Amino acid sequence: MPRQKELLAEDARKKGGGILTFYVDDGHSSADLERPELVRLRRDIEDGKVRSLRVYSYDRLFRSLMDLLSFIKFVQKYKVEFISL
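Note that the structure is a prediction, hence the values are computed from the model and not measured.

As a further point, take the packing of aromatic side chains. Taken as a whole, this structure holds 5 aromatic pairs when the rule is applied. Taken together, a centroid distance of 5.2 Å and an interplanar angle of 50° make the contact between Phe-62 and Phe-71 tilted. Residue Phe-71 is classed as buried on the basis of its relative accessible area of 3%. Residue placement shows Lys-5 over the ring face of Phe-22; its charged tip is 5.2 Å from the ring centre. Between Arg-35 and the ring centre of Phe-62, over which it is positioned, the NZ or CZ distance is 5.9 Å.

What follows is the structure, given as structure tokens:
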């Protein structure tokens, strides 16, 4: 398991996290808002499958601060905890 995944899994375990799902878009730019795993993540949040979301670093998720802020609002709408290590 790559180091970033190890750190995220360790943090989730410490906080009593249950099932871990990783959304990884290898080979896609974080500037692409329609990359497959980001689309799947949004859908899973809407479907109530995600209670807590951890990212290694916000810049791994989005390049643009505006895109990040928009996503934070989206996550808050669904009452999902959003943590960056």
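Let's pick the thread back up.
Attention now goes to helix H4 (residues 65–77). In this model H4 runs 18 Å from its N-terminal to its C-terminal C-alpha over 13 residues, within 8% of the 18 Å that 1.5 Å per residue would give. Of the positions making up H4, those classed as buried are Leu-68, Phe-71, Phe-74 and Val-75. Looking down the long axis of H4, one finds its buried residues gathered within 120° of arc, a one-sided arrangement. Within H4, the exposed residues directed more than 90 degrees away from the buried face are Leu-65, Met-66, Lys-73, Gln-76 and Lys-77. In this structure, the buried residues of H4 make contact with helix H2 (36–46), strand S1 (52–55), helix H3 (58–61) and strand S2 (81–84). Between a side-chain oxygen at the N-terminus of H4 and the backbone nitrogen of Met-66 the separation is 3.1 Å; the capping residue is Ser-64. Looking at the residues trailing H4, positive phi occurs at Lys-79, about 60°.

Moving on to the nonpolar core. For soluble globular proteins, the rule of thumb is that nonpolar side chains tend to be buried together. In this structure, Leu-41, Ile-45, Leu-53, Leu-61, Phe-71, Val-75 and Phe-82 are the most contacted members of the largest nonpolar core, which totals 14 residues. Looking at this core, the elements that each hand over two or more residues are H2, S1 and H4. Sort the elements by how many residues they give to this core and H4 lands first, with 4 residues. Each residue touching Phe-82, except ones within four places of it in the same chain, is listed here: Leu-53, Val-55, Tyr-58, Leu-61, Leu-68, Phe-71, Ile-72 and Val-75.

Turning to H2, its buried residues are Glu-37, Leu-38, Leu-41, Asp-44 and Ile-45. The buried residues of H2 occupy an angular sector of 125° when projected down its axis, which confines them to one face. Buried-residue contacts for H2 involve S1, H3 and H4. Downstream of H2 by a residue or two, Gly-48 has a phi angle that is positive, lying close to 75°.

Thresholds applied
Counting of residues starts from 1 at the beginning of each chain's written sequence and follows it residue by residue. Reporting in this predicted model follows two pLDDT cut-offs: at least 70 for local features of residues, and 80 or more for side-chain atom pairs to be given and counted; totals over whole chains, interfaces and linings ignore these cut-offs and use all residues. Only hydrogens and water are removed before side-chain values are computed, so all heavy atoms of the structure are retained for them. Only Phe, Tyr and Trp rings are paired, with Trp represented by its six-membered ring, and only when their centres lie within 6.5 Å; those with planes under 30 degrees apart are stacked, over 60 edge-to-face, the remainder tilted. A simple rule labels every residue: compare its accessible area, found with a 1.4 Å probe on the protein chains alone, to the largest value its type can have, and call it buried under 20%, exposed over 50%, or partly exposed in between. Whether a charge sits over a ring comes down to the Lys NZ or Arg CZ being within 6 Å of the ring centre and within 35 degrees of the ring normal. Helix and strand assignments come from DSSP, with helices taken as H or I runs of at least 4 residues and strands as E runs of at least 2, each series counted from the N terminus. Any helix carries an expected span of 1.5 Å times its number of residues minus one. Directions from the helix axis toward the C-beta atoms define the arc. Any pair of residues with heavy atoms lying within 4.5 Å of one another is described as a contacting pair. Side-chain atoms alone can form a polar contact between residues adjacent in sequence; in general such a contact is a pair of N or O atoms within 3.5 Å, and within protein one must be able to donate a hydrogen while the other accepts it. Take the buried residues of types Ala, Val, Leu, Ile, Met, Phe, Trp, Tyr and Cys, join any two whose side-chain atoms come within 4.5 Å, and each joined set is a nonpolar core.

Read these as geometric descriptors, not functional statements.
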